[in-house]
Amino acid sequence: MSSEYIPPKVWVWDQPSGGRFANINRPIAGPTHEKDLPVGRHPLQLYSLATPNGVKVTVMLEELLAAGHTGAEYDAWLIRIGDGDQFGSGFVMVNPNSKIPALTDRSGPQPVRVFESGAILLYLAEKFGAFLPIGTARAECLSWLFWQMGSAPYLGGGFGHFYAYAPSKMEYPINRFAMEVKRQLDVLDRRLAEARFLAGDEYTIADMAVWPWYGQLAKGLLYEAGEFLSVRDYKNVQRWTDEIAERPAARRGRMVNRVNGDPASQLHERHDVSDFETKTQDKIAAQAAQ
């Protein structure tokens, strides 16, 4: 008997797909339940989770605030994608694709919705005139931003899925996507051998987009695949990710909407800068124990 899969003439969704996210995977769009989104007091309302795509935006917002852009104050609301929060009617109105992060800008006469992490970074960079250079550096920045948007699905949905989340290990897809991810790391390493940051000497939204994915990967923090992919071989990526990790705004951005890891690193929701000192999960647990 052959174990080879023979596709039917017409695919039909008749059974769970298997794997870690089988309970939320489906071939149709739209809401599954009615649920309004909360709205806080700040101009920007972020609905997210601290996945690499979510971290991109919280890093950007914290960097804007650190640079003195007070209009970038924001409320960050937790969307638990494993529970299907992204399929609530309110969330689908902000992002019809039901993916985090999603942003509503309420600073003008009419709310503006922005979805897709790269679009949010570009929207905020243009709104505040920050972290997006001019001239040829702008073209370089945007090229690397869109490189990330096009490349990361091979890392997350490709390598990450088959290496870490699929219900069984399969040699062909793991080898296929491991090869591509290592090629991508080499692309980055070669660029960072000739420039401090991806767009040149200036830290930009391109770095904010790439760092949560490939910076975490380079430190062995993504899919527990550091040894498998020999990530320490990419010395220039290591230098770059270490430098960004030392930025206070980047460290804060990684904490927002985080629900795993050290409780001191988890700030489930962010509504004020003081929340980093008083509302991380270790502080909340200590208060509850008193």
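To be clear, the structure that these remarks concern was listed above.
Throughout this description, residue numbers start from 1 for each chain and increase along the sequence as written. For this predicted model, a pLDDT threshold of at least 70 governs which residues receive local features, and a threshold of 80 or more governs which side-chain atom pairs are given and counted, while totals over whole chains, interfaces and linings are taken from all residues. With hydrogens and water stripped out, all remaining heavy atoms of the structure feed into the side-chain values.

**A closer look at the sheet that holds strand S4 (residues 112-115)**
Judged by pairing direction, the sheet is mixed, and its four strands sit side by side in the order S2-S1-S3-S4 without closing on themselves. Either end of the sheet is taken by a strand with one partner, and the two such strands are strand S2 (74-78) and S4. On average, each strand axis in the sheet is inclined to that of its neighbour by 20°, with strand direction left out of account. Strand direction decides the pairing type here: strand S3 (residues 102-105) and S4, joined by four bridges, are antiparallel. Across the sheet, the residue bridging to Ala102 is Phe115, located in S4. Contacting strand S1 (44-48) and S2, helix H1 (residues 52-66) runs over the sheet at an angle of about 150° to S1. Contacts are residue-level and defined by heavy atoms, with any inter-residue pair within 4.5 Å sufficient. Helix axes are fitted only over the stretch in contact, all axes being lines through C-alpha atoms; the angle between N-to-C directions runs from 0 to 180 degrees. In this description a helix means any DSSP run of H or I spanning at least four residues, a strand means any run of E spanning at least two, and both kinds are numbered starting from the N terminus. Helix-sheet contacts for helix H3 (residues 117-128) involve S1, S3 and S4, and the interaxial angle to S4 is about 130°. Two strands make a pair as long as DSSP finds a minimum of two bridges between them.

**Topic: the pairing of S3**
Here S3 shows no split at all, with Ala102 and Thr104 on one side and Leu103 and Asp105 on the other all buried. Adjacent in sequence and paired antiparallel, S3 and S4 are bridged by six residues. Throughout, exposure labels follow a simple rule: accessible area from a 1.4 Å probe, protein chains only, divided by the maximum for the residue type, with under 20% read as buried, over 50% as exposed, and the rest as partly exposed.

**A look at the packing of aromatic side chains**
The pairing test for Phe, Tyr and Trp rings, Trp by its six-membered ring, is centres within 6.5 Å, and the orientation test on the planes gives stacked under 30 degrees, edge-to-face over 60, and tilted for anything in between. Scanning the entire structure with this criterion turns up eleven aromatic pairs. Ring centres of Phe159 and Tyr223 lie 6.4 Å apart, and the angle between their planes is 70°; this geometry places the pair in the edge-to-face category. Remark: Tyr223 occurs in the loop between helix H6 (205-218) and helix H7 (235-245) and Phe159 occurs in helix H4 (residues 136-165); sequence separation between them is 64 residues. We note that Phe159, like Tyr223, is buried. Through a chain of ring-to-ring contacts, three or more aromatic side chains come together here, namely Phe159, Tyr163, Tyr165, Tyr223 and Phe228. Lying over the aromatic face of Phe87, Arg26 brings its terminal NZ or CZ to 4.5 Å of the ring centre. We count a charge as sitting over a ring when the NZ of a lysine or the CZ of an arginine lies within 6 Å of the ring centre and within 35 degrees of the ring normal. The ring of Tyr163 has Lys169 lying over it, and the distance from NZ or CZ to the ring centre is 5.2 Å.

**With respect to the nonpolar core**
Counting residues in each nonpolar core, the largest one holds 67 residues, and the members touching the most others are Leu124, Phe159, Ile205 and Tyr214. Among the elements that make up this core, the one with the highest residue count is H6 (ten residues). In contact with Leu124, not counting residues within four places along its chain, are Leu44, Val57, Met60, Leu61, Leu64 and Leu103. Think of a nonpolar core as a cluster: buried Ala, Val, Leu, Ile, Met, Phe, Trp, Tyr and Cys residues, connected wherever their side-chain atoms sit within 4.5 Å. Core analysis: the second largest hydrophobic core is formed by nine residues, Leu49, Trp77, Ile79 and Val94 among them.

**Digging into the pattern of salt bridges**
Basic side-chain nitrogens of Lys or Arg form a salt bridge, by our definition, when they fall within 4 Å of a carboxyl oxygen of Asp or Glu. Taken as a whole and judged by the stated rule, the model has 15 salt bridges. Between Glu243 and Arg196 there is a salt bridge, and its shortest N-O distance comes to 2.4 Å. One end of the pair, Glu243, is in helix H7; the other, Arg196, is in the loop between helix H5 (171-194) and H6, with 47 residues separating them in the sequence. Judged by its relative accessible area of 43%, Arg196 is partly exposed. Of the charged contacts in the structure, one is a salt bridge between Lys279 and Asp275, with a shortest N-O distance of 3.9 Å. Its relative accessible area of 3% is what places Asp275 among the buried residues. A cluster of three or more residues bridged by salt bridges with shared partners is formed by Glu62, Glu73, Arg252 and Arg270.

**Re the layout of surface pockets**
As defined here, a cavity is a set of points on a 1 Å grid over the protein atoms alone where a 1.4 Å probe fits but cannot get out. A pocket is an open set with protein on both sides within 12 Å along at least five of seven lines, and residues line them when an atom is within 4 Å of a point. Grid points are joined across faces, edges and corners, and a volume is the space filled by probe spheres set on the points. Each pocket or cavity is described by its volume, and for the second largest pocket that value is around 420 Å³. If you go around the second largest pocket, you meet 14 residues; those closest to its centre are Tyr5, Trp11, Gln15, Pro16 and Ser17. Looking at the lining of the second largest pocket, its residues break down into nine nonpolar, three polar and two charged. Note on residue classes: Ala, Val, Leu, Ile, Met, Phe, Trp, Tyr, Cys and Pro are nonpolar, Asp, Glu, Lys and Arg are charged, and everything else, Gly too, is polar.

**A closer look at the packing of H4 against H6**
Geometry of a packed helix pair, given as the angle between the helix axes and the separation of the axes. Two elements in contact, H4 and H6, have axes separated by 8 Å at closest approach and are oriented at 30°. Considering their axes alone, H4 and H6 lie roughly parallel with respect to each other. For the crossing formed where H4 meets H6, the hand is left-handed. Along the contact surface, H4 presents Cys141, Trp144, Leu145, Trp147, Gln148, Ser151, Ala152, Leu155 and Gly156, while H6 presents Ile205, Ala206, Ala209, Val210, Trp213, Tyr214 and Leu217. Residues of the contact of H4 with H6, tallied by class, amount to 13 nonpolar, three polar and no charged. Put simply, angles under 35 degrees are roughly parallel, angles over 145 are roughly antiparallel, angles from 65 to 115 are roughly perpendicular, and the rest are oblique. Helix crossings get a hand from a simple test, with the near helix turned counterclockwise from the far one by less than a right angle marking a left-handed crossing and a clockwise turn marking a right-handed one.

**Some thoughts on a nonpolar patch on the surface**
Note that patches include only residues with greater than 30% relative accessible area and no salt bridge, and the join distances are 9 Å for like charges and 5 Å for nonpolar side chains (Val, Leu, Ile, Met, Phe, Trp, Tyr). A 1.4 Å probe and the Shrake-Rupley method give the accessible areas. Residues count as covered only by the protein chains that appear here. Taken together, the side chains of Tyr5, Trp11 and Trp13 define a hydrophobic patch exposed on the protein surface, amounting to about 440 Å² of accessible area. Looking at the element boundaries, Trp13 is found in the segment before S1. Residue Trp13 is classed as partly exposed on the basis of its relative accessible area of 44%.

**Some details on H5**
By this rule, a helix spans an expected 1.5 Å times one less than how many residues it contains. Here H5 contains 24 residues, and its C-alpha end-to-end distance of 35 Å stays within 8% of the 34 Å for a straight helix at 1.5 Å per residue. Where H5 is concerned, the buried positions are Pro173, Ile174, Phe177, Ala178, Glu180, Val181, Gln184, Leu185, Leu188, Asp189, Arg191 and Leu192. Check the buried side of H5 and you find it contacts H4, H6 and H7.

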